[in-house]
Amino acid sequence: MEAAARKYKAKDYKSELKPIWCPGCGDYTVLNALTRALAELGLPPEQVAVVSGIGCSSRIPAYTSVYGFHGVHGRALPVATGLKLARPDLTVIVTGGDGDGFSIGGNHFLHACRRNVDMTYIVMDNQVYGMTKGQASPTTAPDWEGSKLTPEGTGINPFQPLVVGLASGANFIARVSSSDPVNMAQIIVEAIRHPGFSLVQVLSPCVTFRPEQAEWRDIVRTALVDYTDDAARAARRLMTDDGFNVGKVLYKGERPPFRPEFENTDGSIAELEAKFSL
Amino acid sequence: MNETSPDSGAIRTLPELLAHALAMESEAAERYGELAVQMETHHKTAVARIFRRLESAERKHLGELEEMCKKVELPHYAPWDFKWTGAESPEAIDTGRVHYQLSVREAILLAFEHERRAAEFYAGIAESAEAADVKQLAREFAAEEQEHIGWLEAWLGECGPGDALATEDPDPPLGQE
């Protein structure tokens, strides 16, 4: 607790556009946690950019008052990488879902972790493609029979985003639950402050196509062990974890972020465009 | 996993109490407003009306409170440093507990639960605080929350049999074939 009035309030980071997510959706909590985190960091809205791909959760840039880019399915990370490299002064946050990030954008995810550019990736994982009406996603359990496309389940083991992120070089890894927005805000603050690529998995129920996920709030538990900076230990923890240990940072690495040297150019936009003309 | 915060006994000074009250009323007003928008978006006008009425009441409280705080230097609390007894401020309805088929009665009960929590929070401060001004103001705040509880009890009494039922959805979400 500090004795100082803050310049920004969480609502200052929300746009006039009202979300159209289903009532009960975990993504509402993520929007609230993200805006609280930005207020706590005291970041001027014009110094923050939120980048997303496609999906319910990828609508977040429209609901914030900071710079936003609602891009192409699965391509949020390369757009954000380019933005951060061109404008290292900006705080870059990427938001999206499990399908967007781990399937369509799966390869970008691997290499974003590997590159370790200083940005924060918040993945709202509901183990389903909600926007397209409920198909199995990369993180769906193999025996989920809720989609007519996979009536007997996919039969495929789910993608393990935190393990893969760790193995690929993500510098900060945490898992939180949408049932605890204040804790989520705290973890997002830590993720933004930590240099390099920060990955935050949010267990965010899809109340429409995975109504059984409403039980997650009763299943999740606060992780007992504090974070480690030892990737091997973190890997062992994550490999033996059931996916419901939440609320704490799991791994904080010390790898320096990727910051390429640039030569400043005095060229105008027209001159730059001319170099790309065919 | 949400019961992690210390109790309301940790609030001992008037600025601390006002900082908590300001956060609580502000979050409650915003949350009721957000829920009203959600329900309006899904054409649940009767439920939306409940949340709008509550938003309006909270905004009135908030305005009075902001006026009261003008001459007080309030301490800053990070969202996770507030002395709530749950994950969020007691009056803010958990967004994960609503549904597009929420009935009027369910909406009132949900609001009732959170208004009661708010009243208990202030009552707890009134009981545990040592400073007379903190006790007095916490009692006043608790009484204001009791007033909301009274409204909600009255609204519950006015509910007809249809208000208890989840609204029918003529076009329910179906997985894509």
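Here is what the cut-offs are and how they apply
- Residues numbered from 1 in each chain as written.
- Chains lettered and ligands numbered in written order.
- Predicted model: local features only at pLDDT ≥ 70, side-chain atom pairs only at ≥ 80, totals over all residues.
- Core = buried A, V, L, I, M, F, W, Y, C linked by C-beta atoms within 7 Å.
- Buried ≥ 20, exposed ≤ 12 C-beta atoms within 10 Å, placed from the backbone.
- Contact = placed C-beta atoms within 7 Å.
- Helix = DSSP H or I, 4+ residues; strand = E, 2+ residues; numbered from the N terminus.
- Nonpolar A, V, L, I, M, F, W, Y, C, P; charged D, E, K, R; others polar.
- Expected span 1.5 Å × (residues − 1).
- Pairing = 2+ DSSP bridges.
- Axes fitted to C-alpha atoms, helices over the stretch in contact; angles between N-to-C directions.
- pLDDT = per-residue confidence, 0-100.
- Parallel < 35°, antiparallel > 145°, perpendicular 65-115°, else oblique.
- Left-handed = near helix turned anticlockwise from the far one by under 90°.

### A word on the nonpolar core
Item 1. Formed by 74 residues in total, the largest nonpolar core has its most connected members in Val94(A), Ile122(A), Ile173(A), Ile188(A) and Val200(A).
Item 2. Val200(A) has contacts with Thr120(A), Tyr121(A), Ile122(A), Ala174(A), Val176(A), Ile187(A), Ile188(A) and Ala191(A), leaving out every residue within four places of it along the chain.
Item 3. Judged by nonpolar contacts, the second largest core, of 36 residues, contains Ala19(B), Ala29(B), Leu35(B) and Ile50(B).

### Overview of the interface of chain A and chain B
A common measure of how large an interface is: the accessible area buried when the components associate.
Item 1. In this complex, chain A contributes 40 residues to the contact, which on the side of chain B involves 29 residues.
Item 2. Mapped onto the side of chain A that touches chain B, the elements with two or more residues apiece are helix 1 (27-41), helix 7 (181-193) and strand 7 (221-222) of chain A.
Item 3. Looking at the side of chain A that touches chain B residue by residue, the class counts come to 14 nonpolar, 15 polar and eleven charged.

### Observations regarding helix 1 (residues 14-41) of chain B
All names here are of chain B.
Item 1. Along its 28 residues, helix 1 runs 40 Å from first to last C-alpha, staying within 8% of the 40 Å computed at 1.5 Å per residue.
Item 2. The buried count for helix 1 comes to 20 of 28 residues, which makes it a mostly enclosed element.
Item 3. Where helix 1 ends, the next residue or the one after it, His 43, has phi of about 60°, a positive value.

### Some points on the sheet that holds strand 4 (residues 119-125) of chain A
Residues and elements named next belong to chain A.
Item 1. Taken together, the seven strands give an open sheet; going across it, the order is 2-1-3-4-6-5-9, and neighbouring strands pair in mixed fashion. The sheet terminates laterally at strand 2 (67-70) and strand 9 (248-252), the two strands that pair on one side only. Going across the sheet, the axis of each strand differs from the next one's by a mean of 15°, ignoring polarity.
Item 2. With five bridges connecting them, strand 1 (residues 48-52) and strand 3 (residues 91-97) associate as parallel partners. Within strand 3, the residue paired with Ser 52 across the bridge is Thr 95.
Item 3. Its contacts with the sheet place helix 3 (residues 76-86) against strand 1, strand 2, strand 3 and strand 4, and it is angled at close to 180° to strand 3.

### Quick word on the confidence of the model for chain B
Item 1. Per-residue confidence for chain B averages 90 on the pLDDT scale, and 92% of its residues sit at or above 70.
Item 2. For this predicted complex, the interface score ipTM comes out at 0.90, alongside a pTM of 0.93.

### As for the environment of Trp21(A)
Residues and elements named next belong to chain A.
Item 1. Looking at the secondary structure, you find Trp 21 in the segment before helix 1.
Item 2. When the C-alpha atoms of Trp 21 and Pro 45 are compared, they prove to be 23 Å apart, with 24 residues separating the residues in sequence.
Item 3. Apart from residues lying up to four places away in sequence, Trp 21 is in contact with Asp 27, Tyr 28 and Cys 56.

### Structural notes on unusual backbone geometry
Item 1. In this structure, Asn116(A) is a non-glycine residue whose phi angle is positive, near 60°.
Item 2. In this fold, Asn116(A) is placed in the loop between helix 5 (106-115) and strand 4.
Item 3. With a phi angle near 60°, His43(B) is a residue other than glycine that sits in the positive phi range.
Item 4. Along the polypeptide, His43(B) turns up in the loop between helix 1 and helix 2 (45-69).

### Section: the packing of helix 1 of chain B against helix 4 (residues 132-158) of chain B
Each packed pair of helices is defined by two parameters, the angle between the axes and the distance between the axes.
Residue and element names in this part refer to chain B.
Item 1. Put simply, helix 1 and helix 4 touch, their axes get as near as 9 Å, and they point 20° apart. Classified by the angle between their axes, helix 1 and helix 4 sit roughly parallel to one another. Crossing of helix 1 against helix 4: the hand is right-handed. Here helix 1 contributes Leu 14, Leu 17 and Ala 21 to the contact with helix 4, which in turn contributes Asp 133, Val 134, Leu 137, Ala 138 and Phe 141.
Item 2. A class-by-class count of the residues in the contact of helix 1 with helix 4 yields seven nonpolar, no polar and one charged.

### Considerations on helix 3 of chain A
Item 1. Inspection of helix 3 of chain A places Ala76(A), Leu77(A), Val79(A), Ala80(A), Thr81(A) and Lys84(A) among the buried residues, and these make up the whole buried set.
Item 2. Taken together, the buried residues of helix 3 of chain A touch strand 1, strand 2, strand 3, helix 4 (98-104), helix 5 and strand 4 of chain A.

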